[in-house]
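Remarks on the overall topology
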Amino acid sequence: MAEFKLPPYILQELPDITESIHFPIKNIQRIKYTCFDVSKSLIAFGATSGGIYVFNRWPCEFIQLIPNKDGPITRLAISVNEKHIGFANGKGMVTVTECDQNLSRNDSTTSSKEHLGNEVTTMIWSGNMLFTGDDVGKVSVLQLNSFITKSMFHGSSQIIMSLDSRICQLDCRDCMLLVSTLTRCYICNTAQEQYRQIGQKLRDGEFGACFIVSETKANGTAETNIEITEVKKYNIVDDAQFVVGDEFSNTLMYCARPSSRIWEATVDGMVRRTHQFKQVLAKPPLKIITTKSYENENVAIENEKYECEGQSVNFSRIYSMNSVIFSFNKRALYFLNINEVDDTVWYVYDDIVDCRIINDMLYVWLSNGSLVSLKFMKIDKFLVKCYIDEKYVLCAELCALYKEYLLEHNLTMKMHLLIGLRDKLKNNGLLSSVEEVLIKIDKLKSSEATQLKSGIYVVDNPYSQSLLDENYDIKHNDDNLFNTLSPEALQALKGLSVTVSGKFNSSKKILKEKWEDFEEKVKNFSDRNQEINPIRQFDSESTPKWVARDDYSLDDTPVINDEIIFKESSQETIEIDNNLQSKEDKCCKLLYQYSRLSLVNKESESNLISIVEDYSCDISEIYELMLLLEQYCKSVGAIEDSKFVPYNIFLTYLNTCMRKSDLLDLIIKSDVLYKYFVNSCIAVNVKTQKLMNVGCECGFPLPYVRTSQMPVFSELIDEFIEQQWSNQTKEQCYEMCKRMPYLWRKILYLRRNEDLLHVLRILVQMLDESLLHSFLPQFTLDTWDRAIQLYATLHANICLNCNKKFDNISVRDMLSWDDLGSLIIKSIGGRNAINIMKKHANLIDTGALTLKFYHSCLMVCLFEKFDVTITVPLVDTLYSAYEFEEARKQLYALLRNSSDGKINNTALPLIIAATSEHWGLKHVYEKINKTNININDVLEIMTPQLDCTLCGLPLQNDFLIKDGGLWAFKCGHSFHGACLNLNKIKLCPSCTLN
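All residue numbers refer to position in the chain's written sequence, counted from 1. Given that the model is predicted, a residue must reach a pLDDT of at least 70 before its local features are reported, and side-chain atom pairs must reach 80 or more before they are shown or counted; all residues, however, enter totals for whole chains, interfaces and linings. With hydrogens and water stripped out, all remaining heavy atoms of the structure feed into the side-chain values.

Looking at an unreviewed UniProt entry, one finds the protein chain named RING-type domain-containing protein and attributed to Pieris macdunnoughi.

Our next topic: the sheet that holds strand S30 (residues 371-378). Pairing between two strands is assigned when DSSP locates at least 2 bridges connecting them. Strands here are runs of E lasting at least two residues and helices are runs of H or I lasting at least four, both read from the DSSP assignment and numbered beginning at the N terminus. In spatial order, the strands read S1-S30-S29-S28; together these 4 strands make up an open sheet with antiparallel pairing. Two strands lie at the open edges of the sheet, namely strand S1 (9-13) and strand S28 (352-358), each paired on one side alone. The sheet shows a mean angle of 25° between the axes of neighbouring strands, direction not considered. Of the pairings in the sheet, the one linking strand S29 (residues 361-366) to S30 comprises 5 bridges and is antiparallel in character. Bridging from a neighbouring strand, Trp365 pairs with Leu371 of S30. Lines fitted to C-alpha atoms define the axes here, with helix axes fitted over just the stretch in contact, and angles between the N-to-C directions of these axes take values from 0 to 180 degrees.

Once that is clear, we can look at the confidence of the model for the protein chain. As a general rule, the predicted coordinates of low-pLDDT regions are not to be interpreted in detail. Confidence of the predictor at the level of single residues is captured by pLDDT, which takes values from 0 to 100. Mean pLDDT over the protein chain works out to 77, with 74% of the residues at or above the 70 mark. Throughout, a contact is declared for two residues whenever any of their heavy atoms are within 4.5 Å. Low pLDDT, under 50, characterises residues 147-153; the predicted model gives this stretch 26 contacts beyond four residues in sequence or across chains. Throughout residues 687-693 the model reports pLDDT below 50, and contacts reaching past four residues in sequence, or to other chains, amount to 24 contacts.

For the rest of this paragraph, the subject is the pattern of salt bridges. Salt bridge criterion: a side-chain nitrogen from Lys or Arg within 4 Å of a carboxyl oxygen from Asp or Glu. Taken as a whole, this structure holds 22 salt bridges when the rule is applied. Lys660 is the salt-bridge partner of Glu719, the closest N and O atoms lying 3.5 Å from each other. Of this pair, Glu719 sits in helix H20 (residues 714-726) while Lys660 sits in helix H17 (residues 660-669); the two residues are 59 residues apart in sequence, bridging distant segments of the chain. Overall, the relative accessible area of 24% leaves Glu719 in the partly exposed class. Buried residues are those whose accessible area, probed at 1.4 Å on protein chains only, stays under 20% of the maximum for their type, while exposed residues exceed 50% and partly exposed ones sit between those limits. Using a relative accessible area of 17% as the deciding quantity, one classes Lys660 as buried. Here Asp867 makes a salt bridge to Lys970, at a shortest N to O gap of 3.0 Å. Of this pair, Asp867 sits in the loop between helix H28 (851-863) and helix H29 (871-881) while Lys970 is found in the loop between strand S37 (966-968) and strand S38 (974-976), placing the two residues 103 residues apart along the sequence.

On to a positive patch on the surface. Put simply, a patch holds well-exposed residues, over 30% relative accessible area, that have no salt bridge, with like charges counted together within 9 Å and Val, Leu, Ile, Met, Phe, Trp or Tyr side chains within 5 Å. Each accessible area is a Shrake-Rupley result for a 1.4 Å probe, and residues are judged covered by the shown protein chains and nothing else. Within this scheme the basic residues Lys and Arg register as positive and the acidic residues Asp and Glu register as negative, but His and the chain ends are omitted. The location of each charge is read from NZ of Lys, CZ of Arg, CG of Asp or CD of Glu. Where like charges cluster on the molecular surface, the positive patch consists of Arg831, Lys865, Lys902 and Lys986. Here Lys902 lies in the loop between helix H30 (885-897) and strand S36 (908-909). Here Lys902 falls in the exposed class, since its relative accessible area comes to 60%.

The subject of this paragraph is H29. Among the 11 residues that make up H29, 9 are buried, leaving the element largely enclosed by the rest of the structure. Taken as a whole, H29 has its buried residues at Thr871, Pro873, Leu874, Val875, Thr877, Leu878, Tyr879, Ser880 and Ala881. The secondary structure elements touched by the buried residues of H29 are helix H26 (817-828), H28, H30, S36 and helix H31 (910-913).

This brings us to the packing of H26 against H28. Direction vectors running N to C along H26 and H28 enclose 10°, while the axes themselves pass 9 Å from each other. Viewed along their axes, H26 and H28 adopt a mutual orientation that is roughly parallel. Crossing geometry of H26 relative to H28 is assigned as right-handed. Contacts between H26 and H28 involve Asp818, Gly821 and Ile825 on the former and, on the latter, Lys852, Phe853, Ser856, Cys857 and Val860. Per-class residue counts for the contact of H26 with H28 are 4 nonpolar, 2 polar and 2 charged. We call two directions roughly parallel when the angle between them is under 35 degrees, roughly antiparallel when it is over 145, roughly perpendicular when it lies between 65 and 115, and oblique otherwise. Crossing chirality is assigned from the near helix's rotation relative to the far helix, an anticlockwise turn below a right angle marking it left-handed and a clockwise turn marking it right-handed. Lys, Arg, Asp and Glu make up the charged group, whereas Ala, Val, Leu, Ile, Met, Phe, Trp, Tyr, Cys and Pro make up the nonpolar group; the residues left over, Gly among them, are polar.

Counting buried positions over the 5 residues of strand S8 (residues 94-98) gives 5, a clear majority of the element. Of the two faces of S8, both are covered, the one formed by Val94, Val96 and Glu98 as well as the one formed by Thr95 and Thr97. Of the pairings in the sheet, the one linking strand S7 (residues 84-89) to S8 comprises 5 bridges and is antiparallel in character. The residue of S8 that forms the bridge with Ile85 is Thr97. Remark: 4 residues form the turn of the hairpin made by S7 and S8, two consecutive strands paired antiparallel; Gly92 in that turn has positive phi of roughly 95°. As defined by bridge partners, S8 adjoins strand S9 (residues 109-112) across 4 bridges and the pair is classed as antiparallel. Residue pairing for S9: Val96 is matched across the bridge by Thr110.

Only a pair of cysteine sulfur atoms within 2.5 Å counts as a disulfide in this structure description. A complete count under the given rule lists 0 disulfides for this structure. Left without a disulfide partner, Cys210 is nearest to the cysteine sulfur of Cys255, which lies 8.3 Å away. Looking at Cys861, it has no disulfide partner, and the nearest cysteine sulfur is the one in Cys857, 6.7 Å off.

What follows is about helix H18 (residues 671-683). In this model, H18 (13 residues) spans 18 Å end to end at C-alpha, consistent with the 18 Å of a helix rising 1.5 Å per residue. Along H18, the residues that are buried comprise Leu673, Tyr674, Tyr676, Phe677, Val678, Ser680, Cys681, Ile682 and Ala683. A helix is expected to reach a length of 1.5 Å times the quantity of its residues less one.

One pair of aromatic rings is described through two measures. These are the centre distance and the angle between the planes. Each aromatic pair joins two rings of Phe, Tyr and Trp (for Trp, the six-membered one) with centres within 6.5 Å, and gets the label stacked for planes under 30 degrees apart, edge-to-face for over 60, and tilted for any other angle. If you walk through the whole model with that rule in mind, you get 27 aromatic pairs. Taking the centre distance of 5.8 Å and the plane angle of 85° together, the rings of Phe335 and Tyr347 count as edge-to-face. In this pair, Phe335 is assigned in strand S26 (residues 332-336) and Tyr347 in strand S27 (residues 345-348), connecting sequence segments 12 residues apart. Just as Phe335 is buried, Tyr347 falls in that class too. Centroid distance Phe779 to Trp784: 4.2 Å. Interplanar angle 25°. Geometry classified as stacked. The same class applies to Phe779 as to Trp784, namely buried. Through pairs of rings, three or more aromatic residues link up here, namely Tyr9, Tyr319, Phe326, Phe328, Phe335, Tyr347 and Phe376. For a lysine, the NZ atom is tested; for an arginine, the CZ atom; a charge sits over a ring if that atom is within 6 Å of the ring centre and within 35 degrees of the ring normal. For the cation-ring pair, Arg257 lies above Trp263, with the distance from its terminal atom to the ring centre recorded as 4.0 Å. Here the guanidinium or amino end of Arg356 rests over the ring plane of Phe36, the centre of that ring lying 5.5 Å away.

In structure tokens, the structure reads:
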């Protein structure tokens, strides 16, 4: 390999802290760490138990455990001021809790359900705001506001961006938010509530992005504090409309691109240049200075035996670290120098799970649970450290190694310490090789004192540890980038009951009591640890969020208004309030009160039914009442509510009424009522981000990002379509589907008994796995032959109805060729699945079908000879097992032992069985540690069955486990492998006997 210039950087390993980190859980095998974060003075680990283990960073020692009962933690982030920790669990619940929790447990938390049902992928703090991204492209903000007492706080949360794909990384700088997805990068101005795309070229994969601020900012320039009292969804704008202040003139953005490239862009979103690191990464990696080698003064920097070509690396996450950009993957650490590309360095480090940086410190978390702390520094700083640590020989050797760099570049004043090497190494031959360096160092004149503006002289101690280590003084206070709510805003909240009662006359007594009841509940919050539900704020362009099918209930009926406090009274309002006499006006008033009170206190639907039916039970008159309610909303100044409140009340009434079926039938028969019902459904759903992008221009549905997501009032809408279909008004159904593409799901269900080829085009285009599963029994070889051709077209993002290309959804991110293969195996078996995929090999991208598919085909061929019902659970289990390294190894071994086409039985190794809920061990799968599965943990959970029924001995028998392992049948019954082989049993003996 060609010679290269040695970059002037050192990566030193610091003393091991793994034992300190694992001290709190060393005697508890069931608890494992799942994620971690590092701040100026803290290290925090999330655990499978749901707890957060907090440590001092320097020195590393356990401080406290913050308990949590919402399940294993998957992501966490410590706030900049170290007062709060934000964390997410596997369900997508985001929670913020206080770091410093006292023994009285009078701590406080606030939670957000904006990402419920999704996977939280990244979290970052900016002042008192926690930004969170998930796997479907949502970005939310949870803002903390001090509230009532010092012992609690309040948070408001809202989705601010809904993007096209998984959020890979977030970064913040003042009011600017940088968002990186699988396909694009966006820069968002949270003060202006707008964002734009960076660059034009798309990408496909995990790529990071970060800010870097140059150090040209004038001293004493104050950072702008942004006060955000209302959170709402931001708008995407073009480059001409995107506004950026002059305070960001020294801020640059770096966005990772494929093949070791990084875009450099200004903060207004314009790409300036592309940095290419592929060739510089062809240099061999440098060696990390280990603790042992440093103590022995036996350090090797260059890795002479390592040879490599130019690396094509996808930088999945990038971070600003002093003068370089840091990135990592599973097997390497990269320090990319933007200014001097040739000074880029990288290091080999195996089994990396995650990394965190703070100043020049790097914390690397490994798959074996170890936490390694490293220090990245320039050579001149490291030389001073060596001298202070009395590593004089090592210091001189490195001076000789980096002689060219030291002679050509300006040195820091602290280097003058090294002149003492002449005295320390009088009789050492090294002196001659570094004499030129020492001559240059000798010319450095250290300032004896520095005069401050006050006139005081400060004498610098060159031996001070603080000169070398940022950890020496790490406790200091930073101002929040965003202020909390003003005292005036808090006082306004405190006076809610006065405000409300002042708007209405004595007939408002009930309403006042409602508010006073709410105020009393708020006062009691400080006396108990209670979760505060985030206040949702909607503007005129916003509508209720989608909820998962399994979680949907009437509680998810949307709230329409965008504020809790009533608008200022006008003279017109007072006159209406005092002169209401008619039955219609009184009913409208009660309905409007109902809608407003539902914002802060759950109102019973029975109250709504009573209000409406006291007026009339005739659906036509109820429709007329909704029109009057619309006019009433306008008359009291609620212009923005004038449409949504009547629509929401109309659907809520229909959804809860005992005569729902009869009323829907009447609506279908009336053109006026039919149109109003359809408009109501669209008004409360179609403006949500999820419904905006699920229909093609031709009316055909586009593939769903998450098939479990449902619109509000979904059950009511489904029942309406079903009744309409049975009334032979199918054309009306199709027209409604074009306006609400979600409804094609119901149409397919109603057409489930027709020839599959008639509905195959729309079935494939929806890519709804649950629907595809329900149609599997009807699929034949010919049907799959056509389905694969259609899927190949859809995979290119082309509509199967109008042949137009769509860009707002990426099909390959929803149902891969592997996923389609699993459906084919379940339908027509492993052998036919391979044959049909082989037939259409020209349509399939290289590598799109992985070993997971082929191995599943082989296993099904082997197992279905003995049990024809085993295919579906077997495929689901094998696909799940491929997510776990240990399970994959077991599967490979099983296939090698079955190379002659024969299997001993229809059981699977216990490790494989425990990785899925489909193989009879669902209770084990739900409790098992998903990050590091092992046989002992599985046996510990399987307490009800401790013995093998064939031999009567415990399952946990080391001799028998070593001889043949442990195996589980699809029913969940488990046995020693040796016992099954000895008795030549193919099917579960327990089930066979029963």
